[in-house]
Amino acid sequence: MSYMKEPVFSLKQSFEQFASMIPGSVYVLDVLQKTICYVKADDLFLCSFSTEEVTRLGYDFYARIIYAEDLSLWTEAYKRMLQYVYEHEEEQEMIDFFSCTFRLQRPFSSVPRPLLQMVYHRMKPVWVDHELRYMICSLESSTYKEAGNLRLHYKGKYSYNEYDFVTNRWRQKQKEILTEREKVILILAQQGKSTIEMSDILCKGHNTIRNQIKVLFAKLERHTMLGAIELARNLRLVYPKK
């Protein structure tokens, strides 16, 4: 079966027009051809390689940039994503994107060995004529402590599927429901507000705000505001997708 080049060209052309507005790194996999058909010129994903080297290496590029201890986990995660999509064709309209975490190894001349950097990786399936053809991927630096965290996110649902690499099964999990006050605290924290400034804005005592932040951290199982903000953003807890 032959494939027209036009869809690839159109996709690449579209990304070149607005890729600079997308935070983090962006690239596109051609699932059928097993190639990387578009790469944004952003060094987070490139890790000092050129875009030409990435497209030439294709899937082999992952072995160049992913930390050796995480590479097999990433390979397994990608395999499970494709397997899920192929086995659940009826969910095409429901699937939003997959996500996982892994460490990149970044070379720096001032550091004797590559610096490890955890990234949060999103992969959005794109179907052409009812057949999985592309994965639109994005990366951003992450506060996650462990690699893995493979999740399937649905459109407009307050639940997601999480893959267990021990039992080799997907399990459904409910997102945490944040109170209005918890959402406001996260919004103010994103604006760089201190707890004292939050107290003034919300007309509440400083200790009250600190206690509410502790409850928020416990609910999200995070120990820092940066981690709480990241998880809330990844799961769309503050601004749910309608």
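Values in this document were obtained by computation on a predicted structure and should not be read as measured data.

**Describing the overall build of the chain**
What the chain contains, in helices and strands, is nine helices and eight strands. Whereas a compact globule of 242 residues would reach a radius of gyration of roughly 18 Å, the chain reaches 20 Å, a difference of no more than 12%. Looking at the chain as a whole, 42% of its 242 residues are labelled buried. Counting contacts in the chain only where the partners sit at least 6 residues apart, residues at least 24 apart contribute 53% of the total. Summed over its atoms, the accessible surface of the chain is roughly 13,700 Å², and 52% of this surface lies on carbon and sulfur atoms. The centroid of the 34 positive side-chain charges in the chain is displaced by 5 Å from the centroid of its 30 negative side-chain charges.

**Some remarks on the side chain of Arg-80**
Secondary-structure assignment places Arg-80 in helix α5 (residues 68-87). Residue classification places Arg-80 among the buried residues on the basis of a relative accessible area of 15%. When neighbours within four sequence positions are excluded, Arg-80 is seen to be in contact with Leu-150, Tyr-163, Asn-168 and Trp-170.

**Re the environment of Trp-127**
The residue Trp-127 is located in strand β4 (residues 115-128) in this model. By relative accessible area, Trp-127 is classed as partly exposed at 22%. Once the C-alpha coordinates of Trp-127 and Glu-93 are considered, the two residues, 34 residues apart in sequence, prove to be 10.0 Å apart.

**Some points on the packing of helix α6 (residues 180-190) against helix α9 (residues 225-234)**
The N-to-C vectors of α6 and α9 enclose an angle of 115°; their axes lie 10 Å apart at closest approach. In this view, α6 runs roughly perpendicular relative to α9, as classed from their interaxial angle. Here α6 runs over α9; the crossing is left-handed. Taking contact as the criterion, the partners of Ile-185, Leu-186, Ala-189 and Gln-190 in α6 are, on α9, Met-225, Ala-228, Ile-229 and Ala-232. Of the residues in the contact of α6 with α9, the class split is seven nonpolar, one polar and no charged.

**Things to note about the sheet that holds strand β2 (residues 35-39)**
In spatial order, the strands read β2-β1-β5-β4-β3-β6-β7-β8; together these eight strands make up an open sheet with antiparallel pairing. Bordering the open sheet on either side are β2 and β8 (169-174), each of which pairs with just one other strand. On average, adjacent strands in this sheet sit at an angle of 30° to one another, irrespective of strand direction. Examined bridge by bridge, strand β6 (residues 148-154) and strand β7 (residues 159-164) share three bridges and lie antiparallel to one another.

**Considerations on the confidence of the model for the chain**
Averaged over all residues, the pLDDT of the chain equals 90, while 92% of them reach at least 70. Ignoring residues within four places in sequence, the model shows residues 1-6, a span with pLDDT below 50, making four contacts including any to other chains.

**Quick notes on the nonpolar core**
Within the largest apolar cluster, 37 residues are counted, with the highest numbers of intra-cluster contacts made by Tyr-27, Leu-29, Phe-45, Trp-74 and Leu-104. Counting residues per element, this core draws most heavily on α5, which supplies seven residues. Setting aside residues up to four positions removed in sequence, Phe-45 forms contacts with Ser-25, Tyr-27, Val-39, Val-54, Phe-61, Tyr-62, Ile-65 and Leu-139. Counting 25 residues, the second-largest nonpolar core is a separate cluster that includes Leu-178, Leu-186, Leu-188 and Ile-209.

Calculation notes
- Residues numbered from 1 in each chain as written.
- Predicted model: local features only at pLDDT ≥ 70, side-chain atom pairs only at ≥ 80, totals over all residues.
- Heavy atoms only, no water.
- Helix = DSSP H or I, 4+ residues; strand = E, 2+ residues; numbered from the N terminus.
- Rg over C-alpha atoms; globule rule 2.2 N^0.38 Å.
- Buried < 20%, exposed > 50% of the residue type's maximum accessible area, 1.4 Å probe, protein only.
- Contact = heavy atoms within 4.5 Å.
- Areas by Shrake-Rupley, 256 points an atom, 1.4 Å probe, with all protein chains shown as cover.
- Lys, Arg positive; Asp, Glu negative; His and termini not counted.
- Charge placed at Lys NZ, Arg CZ, Asp CG, Glu CD.
- Axes fitted to C-alpha atoms, helices over the stretch in contact; angles between N-to-C directions.
- Parallel < 35°, antiparallel > 145°, perpendicular 65-115°, else oblique.
- Left-handed = near helix turned anticlockwise from the far one by under 90°.
- Nonpolar A, V, L, I, M, F, W, Y, C, P; charged D, E, K, R; others polar.
- Pairing = 2+ DSSP bridges.
- pLDDT = per-residue confidence, 0-100.
- Core = buried A, V, L, I, M, F, W, Y, C linked by side-chain atoms within 4.5 Å.

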